[in-house]
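# Architecture and fold: a report
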Amino acid sequence: MATLHHPGRLVPLHSWRNVNLKSSSSTFRACKYSKSAFPTVAAVTAVPSTPPPSASDLGSANQSLFSTLQFQQQHQHESATPTTHLHEPPSPTDLFHQDPQHWREIMLRERHHEDELSIVLGLDFGGTGIKGAPVDVATGTLLLERYRIPTPNPATPQAVAGVIRQIKEHFRWDGPIGIGVPSVVRRGIVRSAANIDKSWININAVDLVQRATGCDVAAINDADAAGFAEMRFGAGRALQREGTVLMTTFGTGIGTALFVGGHLVPNLEMGHIEVNGEIAEKVASGAVKEKTDMSWKKWAGRVNDYLARMEHYLQPDLIVIGGGISKKDEKFLHLLSVPGGTPIVAAVMRNEAGIVGAAVGGSILLGEQRAAREAARITPTLLS
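Residues numbered from 1 in each chain as written. Predicted model: local features only at pLDDT ≥ 70, side-chain atom pairs only at ≥ 80, totals over all residues. Heavy atoms only, no water.

### Section: the environment of alanine 284
Relative to the helices and strands, alanine 284 is located in helix α8 (residues 280–284). Sequence separation between alanine 284 and glycine 301 is 17 residues; the distance between their C-alpha atoms is 9.0 Å. (Helix = DSSP H or I, 4+ residues; strand = E, 2+ residues; numbered from the N terminus.)

Structure follows, in structure tokens:
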């Protein structure tokens, strides 16, 4: 709020539109403006919608005061006053360094979050790296810089759980965790292992990570996680309520996520279909392009063949290209097209989609589980 400064008092500029000064007295006693009472100067009376006082109204003794008013009205800028402090919450990084043991609780309070599921540690389990960061699921922002550890080789369940524990300890985390796994995940259980160690099959990823971290955990397919991020905060936002969006991730393999009217069709895993007699992700993944030093034009041609098949099968309204390769979309996006003319765009969240989406998906799943427990708890009471 812009203010008029005078020794001993501060008066908001907008208040001058509603007062009429009948006295030329230069004595203005120290006092604060409030909605209920204007400064205690006997000669001040309320007059609706009157213009600011002129120099003659104020009198020669108040000419200096009027000049200050006129200057501030001309510039119309807002300045902080000694009696007004705009509260700006400290940054998450500041909180982390000030009180690393309790920064999350402080951050929840400072950001006015009442639900612990509003801030979730998102983890993206990839073929080359496992990375994570605390995420504000309401805005899709990483609250601290992401932390990455190379994926162990072999990436056995126990080895990966050890890496996840390190990431949890790095952030001194004790809240909910959402993790994206490069696999079909049903009710927390890993059902496939195309790009991870075969020992993962039939492992309960939720129980494994809960034992390693002591936190509440939810696990979902990694491409589904990236899709959650793009649908909520990125390229798919306009189609959250209607339409079909195909999210693709080109990295170690090819991941896919399908959203129909904003609802996820989970565990699609259509990077494993055959295209021209070859498994799609074996010839068109981001890793294959890098490993063979394939030209962008040749790689885009293979991707076009794959996307044409996806368009034929699924008839999407939008195709989103994500994964690690999306960081270089200027190299290839203009080379992509499909026969039906479906728009093809790069992921807005880029390579952070996996982290953000894992947090969002974790928040959704843990919230549903909590609601189910609450319903089970109160149902017997309602029926009795």
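Let's pick the thread back up.
### What to know about the nonpolar core
If you look at the biggest cluster of nonpolar residues, it comprises 57 residues, and the most contacted ones within it are Phe125, Ile179 and Trp200. Setting aside residues no more than four positions away along its own chain, tryptophan 200 makes contact with Phe125, Ala155, Thr156, Pro157, Val160, Val190, Ala205 and Leu208. Membership of the second largest hydrophobic core comes to 25 residues, among which are Ile254, Leu307, Met310 and Ile319. (Core = buried A, V, L, I, M, F, W, Y, C linked by side-chain atoms within 4.5 Å. Buried < 20%, exposed > 50% of the residue type's maximum accessible area, 1.4 Å probe, protein only. Contact = heavy atoms within 4.5 Å.)

### Here we look at the packing of aromatic side chains
By convention here, two paired aromatic rings are described through the distance between centres and the angle between planes. All chains considered together, the criterion is met by eight aromatic pairs. For the ring pair phenylalanine 250 and tryptophan 299, a centre distance of 5.7 Å and an interplane angle of 80° mean the geometry is edge-to-face. Of this pair, phenylalanine 250 sits in strand β13 (residues 244–250) while tryptophan 299 is found in helix α10 (residues 296–314), placing the two residues 49 residues apart along the sequence. Here phenylalanine 250 matches tryptophan 299 in class, with each residue buried. Between tryptophan 296 and phenylalanine 332, the aromatic rings sit 5.6 Å apart at their centres with planes inclined by 20°, giving stacked as the arrangement. With tryptophan 296 in helix α10 and phenylalanine 332 in helix α11 (residues 329–332), this pair connects stretches of sequence that are 36 residues apart. Three or more aromatic residues joined by ring pairs make a cluster, and in this case those are Phe250, Trp296, Trp299, Tyr306 and Phe332. (Phe/Tyr/Trp six-rings, centres within 6.5 Å; stacked < 30°, edge-to-face > 60°.)

### Side note on the sheet that holds strand β14 (residues 254–260)
If you walk across this open sheet you meet the five strands as β15-β14-β13-β18-β19, and the pairing is mixed. Each of the sheet's edge strands pairs with one partner strand only, and the pair in question is β15 (263–265) and β19 (344–346). For this sheet, the mean inter-axis angle between neighbouring strands, taken without regard to orientation, is 25°. Both strand β18 (residues 318–322) and β19 contribute to a ladder of three bridges, which runs parallel. The residue bridging isoleucine 319 from the neighbouring strand is isoleucine 344, located in β19. Relative to the sheet, helix α7 (residues 222–233) contacts β13, β14, β15 and β18, its axis offset from that of β14 by approximately 50°. The strands that α10 touches are β13, β14, β18 and β19; relative to β13, the one it contacts most, it runs at about 150°. (Pairing = 2+ DSSP bridges. Axes fitted to C-alpha atoms, helices over the stretch in contact; angles between N-to-C directions.)

Read these as spatial facts, not as claims about activity.
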